[in-house]
Amino acid sequence: MPANTVFHLGITRDQLQGAELAIVPGDPARVERIASQMDNPTFLHSVREYTSWLAWLNGKPVVVCSTGIGGPSTSIAVEELAQLGITTFLRVGTTGAIQAHIDPGSLIITNASVRLDGASTHFAPMEFPAVSSFECTEALVSAARSESADYQVGITASSDTFYPGQERYDTVTGHVIRRFRGSMEEWQALGVLNYEMESATLLTMCAASGLKAGCVAAVIVNRTRQEIPDESKIAEAEARAVKVVVNAAGLLLNQDKH
Ligand SMILES: O=P(O)(O)O[C@H]1O[C@H](CO)[C@@H](O)[C@H]1O
Ligand SMILES: O=c1cc[nH]c(=O)[nH]1
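Computed from a prediction, not measured in an experiment: that's the story for all the values here.

Whenever I open this one, the overall build of the protein confuses me. Can you help?
Each helix and strand in the protein was counted, giving seven helices and ten strands. Relative to its length of 258 residues, the protein is compact, with a C-alpha radius of gyration of 17 Å against a globular reference of 18 Å. C-alpha atoms of the protein, sized along the principal axes, occupy 50 × 40 × 30 Å. Each of the 258 residues in the protein was classed as buried or not, and the buried ones make up 55%. Summarising the internal contacts of the protein: among those between residues at least 6 apart in sequence, 75% fall at separations of at least 24. Between the centroid of the 19 positive side chains of the protein and the centroid of its 28 negative side chains there is a distance of 2 Å.

It is not clear to me how the UniProt feature "domain: Nucleoside phosphorylase" (unreviewed entry) in the protein should be interpreted in this structure. Could you clarify?
Look at the UniProt record and you will see "domain: Nucleoside phosphorylase" (unreviewed entry) annotated at residues 21-253. The distance from the first to the last C-alpha atom of residues 21-253 is 8 Å, and the span holds 32% helix and 31% strand.

Which parts of the structure should I look at to understand the site of ligand 1?
Close to ligand 1 lie Gly 26, Asp 27, Arg 30, Ile 69, Arg 91, Val 92, Gly 93, Thr 94, Phe 162, Glu 196, Met 197 and Glu 198. Taking Gly 26, its main chain carries an N or O atom lying 3.0 Å from an oxygen atom of ligand 1. For ligand 1, an oxygen atom lies 2.6 Å from a polar atom in the side chain of Thr 94. The fraction of the free accessible surface of ligand 1 (340 Å²) that becomes covered by protein chains is 84%. Across the shell around ligand 1, the residue classes break down as four nonpolar, three polar and five charged.

Before we go on, may I ask you to explain the side chain of Ser 73 in this structure?
Take Ser 73: it is sitting in helix 3 (residues 71-83). Classification of Ser 73 as buried rests on a relative accessible area of 7%. Engagement of the side chain of Ser 73 in a polar contact is seen with the backbone oxygen of Thr 67, the distance being 2.6 Å. In this structure, Ser 73 is in contact with Glu 49, Tyr 50, Thr 67 and Gly 68, ignoring residues within four places of it in sequence.

I would appreciate a short explanation of the state of the cysteines in the present structure.
Where two cysteines share a covalent bond between their sulfur atoms, that bond is called a disulfide. Tallying each qualifying case throughout the model produces zero disulfides. No disulfide involves Cys 65; its sulfur sits 13 Å from the nearest other cysteine sulfur, which is in Cys 206. The class of Cys 65 is buried, set by a relative accessible area of 0%. Looking at Cys 206, it has no disulfide partner, and the nearest cysteine sulfur is the one in Cys 136, 8.4 Å off.

Could you clarify how one ought to interpret helix 4 (residues 134-146) in this entry?
Owing to its 3.6 residues per turn, the α-helix aligns residues three or four sequence positions apart on the same side. The end-to-end C-alpha distance of helix 4 is 18 Å, a good match for the 18 Å that 13 residues give at a rise of 1.5 Å each. Among all positions in helix 4, only Cys 136, Thr 137, Ala 139, Leu 140, Val 141, Ala 143 and Ala 144 are buried. Contact partners of the buried residues in helix 4: strand 5 (88-97), strand 6 (107-116), strand 8 (151-159), strand 10 (212-222) and helix 7 (231-254). Directly beyond the C-terminal end of helix 4, a positive phi value near 50° is found at Ser 148.

Rules used in this analysis
The written sequence of each chain sets the order in which its residues are numbered from 1. Note on labels: chains are lettered from A, ligands numbered from 1, in written order. In view of the model being predicted, local features appear only for residues whose pLDDT reaches at least 70, and side-chain atom pairs are presented and counted only at 80 or more, with totals across whole chains, interfaces and linings using the full set of residues. Note: side-chain values were computed over all heavy atoms of the structure, leaving out hydrogens and water. Per the convention used, a helix needs a DSSP run of H or I reaching at least four residues, while a strand needs a run of E reaching at least two, with both numbered from the N terminus. Here the globule rule reads 2.2 Å times residues to the power 0.38, and the radius of gyration is calculated from C-alpha atoms. The cut-offs for exposure are 20% and 50% of the maximum accessible area for each residue type, with area from a 1.4 Å probe on protein chains only; residues under the lower value are buried, those over the upper are exposed, and the others partly exposed. Residues are treated as being in contact if the distance between any of their heavy atoms lies within 4.5 Å. Counting rule for charge: Lys and Arg are taken as positive, Asp and Glu as negative, and neither His nor the chain ends is counted. Here the site of a charge means NZ on Lys, CZ on Arg, CG on Asp, or CD on Glu. UniProt positions are given in the numbering used here, feature names are shortened, and annotations may be inferred rather than shown by experiment. The nearness test applies per residue and asks whether one of its heavy atoms lies within 4 Å of the molecule or strand. Whenever a nitrogen or oxygen atom comes within 3.5 Å of another N or O atom, the pair is scored as a polar contact, on the condition that within protein one atom can donate a hydrogen and the other can accept it, and that pairs from neighbouring residues in sequence are kept only if both atoms are in side chains. Throughout, the Shrake-Rupley method with a 1.4 Å probe supplies accessible areas, and for residues the shown protein chains are the sole cover considered. All residues other than Ala, Val, Leu, Ile, Met, Phe, Trp, Tyr, Cys, Pro, Asp, Glu, Lys and Arg, Gly among them, are scored as polar; the first ten of these are nonpolar and the last four charged. The rule for a disulfide is simple: a pair of cysteine sulfur atoms within 2.5 Å. To estimate how far a helix should reach, multiply one less than its number of residues by 1.5 Å.

Encoded structure:
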């Protein structure tokens, strides 16, 4: 392994060929699918939850690297990609909607996240907002429009846990602690759109360090209707989110700041 390889991702600055923009899904299996939407997709490395590919968009390099699930692994991916020169991060994920009107298959573009994680508190105190960069949100919205996607822009609840933090009662303890009992109803009343698990960490880290970040997610379940996703909708919804994130990356690269 070359001496300048970062600790976890197992890649080097040279391999990124000057890339300044990263697309960061949670799921390693999504990485190749995203890279394949661009030119000359090339596998770089895979270790633990981190799979990295490089591809080209409008003649510029883009790294695609999975974060794994949750804040701690996301924080490592963001730290190490930033060490390698990345300044813009676009997360593409899956999500559970909590507002009744949001349909599975549609997209949610996060403009800010409720910080139900722990990792973000290692970067900024709780008073600090987990907010997306305006440019990234604008690019994701333009991309969703040009793909004729059904999308909403709004606030996401971003939780360290899939079960109690998202008020699922089928937990290993058979119990949801007081802090989270009734929390979904509270987020609904406050207009929060959805649950996922990485945006609080990503957006806080980036907002606190002058990096840019945005987030788009495919709705695979609506918690007001059902608990289990409709398997037949997942691939299609995810493919739509991937198209939007790649299109948004292209728009950001065209702004010639990368
Ligand atoms: O589809 P990804 O990007 O993994 O995102 C969502 O799916 C996982 C939970 O099933 C969490 O990572 C959540 O944020
Ligand atoms: O309900 C959901 C669906 C996907 N990802 C989450 O974190 N929650």
